[in-house]
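Given next are the chains, with one letter for each unit.
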Amino acid sequence: MANFLVIVDADAPRRDRFIRTIEPLLPPVEGLETVRCAHGDFCAIWAGHPQAPISQSADETGAAVLWGDAIPKSVMQPVNAQQMRDHWSVLPERLPAPYDGFHAGVVHRQDNGIVVGADILGLFPVYYCGWTDVLLVASSPELFHYHPCFRKELNAAGLVGILLTMHLIDGQTLWRNVRRLAPGHLLTWRPGALPQEKLQYRIPFSTRYHDLPLEAQVRLIDNALDEAVTRHAPASQSHSLLLSGGLDSRMLGGFLKRQGRSNTVAVTFGLPSDVDFRCASRVARTLGFSHHPVNVAGDCYPHYSECQARWEHLANGFNTIMNWGTPRALGAVKPRVVTGYLGNVILGGAHLEGAYSPSQGNFSFKTYFAHHNGWGIRSKVLKKLLRREVFGDLVDETIARLETAYLESADEESHRAWCAHLQHRQRFHVGSALWPLSFGAWPVQPCVDQKVLEVMSAMPVVTLEERRLQLDLVNRQIGR
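What counts and how
- Residues numbered from 1 in each chain as written.
- Predicted model: local features only at pLDDT ≥ 70, side-chain atom pairs only at ≥ 80, totals over all residues.
- Heavy atoms only, no water.
- Pairing = 2+ DSSP bridges.
- Helix = DSSP H or I, 4+ residues; strand = E, 2+ residues; numbered from the N terminus.
- Core = buried A, V, L, I, M, F, W, Y, C linked by side-chain atoms within 4.5 Å.
- Buried < 20%, exposed > 50% of the residue type's maximum accessible area, 1.4 Å probe, protein only.
- Expected span 1.5 Å × (residues − 1).
- Axes fitted to C-alpha atoms, helices over the stretch in contact; angles between N-to-C directions.
- Contact = heavy atoms within 4.5 Å.
- Phe/Tyr/Trp six-rings, centres within 6.5 Å; stacked < 30°, edge-to-face > 60°.
- Lys NZ or Arg CZ within 6 Å of the ring centre and 35° of its normal.
- Parallel < 35°, antiparallel > 145°, perpendicular 65-115°, else oblique.
- Left-handed = near helix turned anticlockwise from the far one by under 90°.
- Nonpolar A, V, L, I, M, F, W, Y, C, P; charged D, E, K, R; others polar.

Our focus in this paragraph is the pairing of strand S10 (residues 127-130). Where S10 and strand S12 (residues 179-180) come together, two bridges link them in antiparallel fashion. Within S12, the position partnered with Tyr 128 by the bridge is Arg 179. Linking two consecutive strands that pair antiparallel, namely S10 and strand S11 (residues 134-138), is a turn of three residues.

Given below as C-alpha cells:
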C-alpha cells in the first residue's frame, strides 16, 4: 500500500505550503519512495514501496491515481489509473461497477470535482474532511492538522464508539469533522459543496443455494475461489503466502498448489520454535513450498505501538501492532503476499462462535452487540465512567447507530449477523493488518471477491456452522 494524501485547494500558496510541510512526514516506515501527481487545484502525494502496484494519469482535463489492484468483476487483468478514470466518467449520471482487489483510487476532473473509492469491504483505509473550498483525503488522518483550515478538536462520538468496540463506528473518528469512508461507498466532492458518500456495492444476500446438498455447495465455492485465486494472484506475478498453518491460509495454499504455483514462498511470523511455525512448516512441506520465518523483535514493540497510535488513531484498537515490524522482511521475500484474512468469517462462519446457535435461531442485534461489546468496555460501565455533561447520551446514541447499520445490512437476521461482523469487527481488527503489511509486500485477498461473496451470501447458515463448508472444501477439493 501507500500512505497517501490528496488535497484540492484553490489557494495555491496555501496548498503548496501544506504539501511541502507534510511531504517529509509521509513515510511511516523506512524504504519508501515519495511521489506526487498534480493538476490545477489538485495534488496527490504518497509514500509507497518501490514495487507497489501504483499508477497515475494526468492531462489537461484532469488526473487520477490508483494505489493497488483494481480488478473488474469476471475480468483477469486489473485496470490502470487511466482506465479507472474512464470507468468512473459515468458519474454523476450513474454509479460505476465496483472493482475487486485491494486498492484505493482518486479521480479529479477540473469540470466535475473529485471521486475517491476503495475495495468493496473498505479494508484500504480512506479518511476525509472537507469544506466548500477545500478537500483533504488520506489513508491516515494524522497529517490533516497541518492544513490551516483544520481545527484539531476531539470528536466525543468517535471516542465512545472506540471504547465500546475497540474500532470506529459509523465512520466517526477521534477528530471532529473527519470521517472514514464506509465500505462499498464512493466519495464525491466538488467546490461549493460538502463531501458526499454514495453507496456503490452491497453484499447480494439470497437463499439461492439453501436447498443444495453440501457437495454441490462445496463445488460452487471451490469454483468461485479457484477463479478468485487466478484473478487476484495470477501466475505471471511472484507471490508469497502468509501461512499460519490455520485453515484459511492452508486452504489458499492448496489452491496455489493446485494451480501449479510451486515458486510460492510460505511466510510465517515468529520463531521456528513457535507452535504456529511448526504447524505451518508441516503444511509448507506438504504443499512443496519453501518456508521463510519473519521474526518481529519484541524490544521494538514500543516503537510499533507508537506507529499504530500515530497513523491509525485507535481506529482498529491495538490488535495488529506486530505488523508494523514486518514490511522490510516481508518485502525481501516477494513483492506480493497472498493472505487468508477474513476467510474465517466469509467461508468459515467464525462469527457464529460463542454468540449464536443457528439451530435455535437466536440471531438478533442484542446478541450481536453483547458479543461485540465484549472487546470493549461494557456499555453499562462506560456510562458510569463518562461525564454526562461532556458525553451526554452518546453511549445509547452510538449503540442506536450501530443497530441501524445492523438492521439495514440485510433482510434476514442470520445475514445481518454475517454482514455486520464483516463490516465491523473483521474489517477493523483483522483487515487492519493489511495496511502495515503493504509497505513491504502488496496484500492479495482472494477471499474478498465479489463472486466469492455472492456465493457465500446465498448459503444457509448451517453450512457455515463449525466451519463445515470450509473443512469439506479443504478435505475434498484440496486434500485429495
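Once you've had a look at it, read on.
Attention shifts here to the nonpolar core. If you look at the biggest cluster of nonpolar residues, it comprises 102 residues, and the most contacted ones within it are Trp 67, Ile 221, Ile 346, Trp 418 and Met 456. When residues of this core are assigned to their parent elements, the largest contribution, seven residues, is made by helix H4 (residues 214-232).

A few words now on H4. Compared with the 27 Å implied by 1.5 Å per residue over 19 residues, the 26 Å span of H4 between its first and last C-alpha is a close match. Among the residues making up H4, those that are buried are Leu 214, Ala 216, Gln 217, Val 218, Ile 221, Asp 222, Ala 224, Leu 225, Ala 228, Val 229, Arg 231 and His 232.

This part covers the sheet that holds strand S16 (residues 265-269). The parallel open sheet is built from five strands, whose spatial order is S17-S16-S15-S18-S19. Pairing within the sheet leaves two strands with one partner each, and these edge strands are strand S17 (290-294) and strand S19 (442-444). Averaged over all pairs of adjacent strands, the angle between strand axes in this sheet comes to 35 degrees, irrespective of strand direction. Of the strand pairs in this sheet, strand S15 (residues 239-242) and strand S18 (residues 336-338) are connected by three bridges, and their pairing is parallel. By the bridge assignment, Leu 241 is partnered in S18 with Val 338. Strands S16 and S17 of the sheet are contacted by helix H6 (residues 275-287), whose axis makes an angle of about 160 degrees with S17.

As a further point, take the packing of aromatic side chains. Enumeration according to the criterion identifies 16 aromatic pairs in this entry. Summarising the aromatic geometry, the rings of Phe 365 and Tyr 406 are spaced 5.5 Å apart at their centres and angled 65 degrees between planes, so their arrangement reads as edge-to-face. Note that Phe 365 is positioned in helix H10 (residues 365-372) and Tyr 406 in helix H13 (residues 394-408), a separation of 41 residues in sequence. Taken together, Phe 4, Trp 46, Trp 67, Phe 102, Phe 124 and Trp 442 form an aromatic cluster joined through their ring pairs. Seen from the ring of Trp 375, Arg 425 lies directly overhead, with NZ or CZ sitting 3.7 Å from the centre.

So, on to the packing of H10 against helix H14 (residues 413-430). Between H10 and H14, the least distance of the axes is 10 Å, while the angle of their chain directions is 25 degrees. Viewed along their axes, H10 and H14 adopt a mutual orientation that is roughly parallel. Seen along the crossing, H10 lies across H14 with a hand that is right-handed. Contact residues: Phe 365, Tyr 368 and His 372 in H10; Glu 413, Ala 420, His 421, His 424 and Arg 425 in H14. Here the residues of the contact of H10 with H14 sort into three nonpolar, three polar and two charged.

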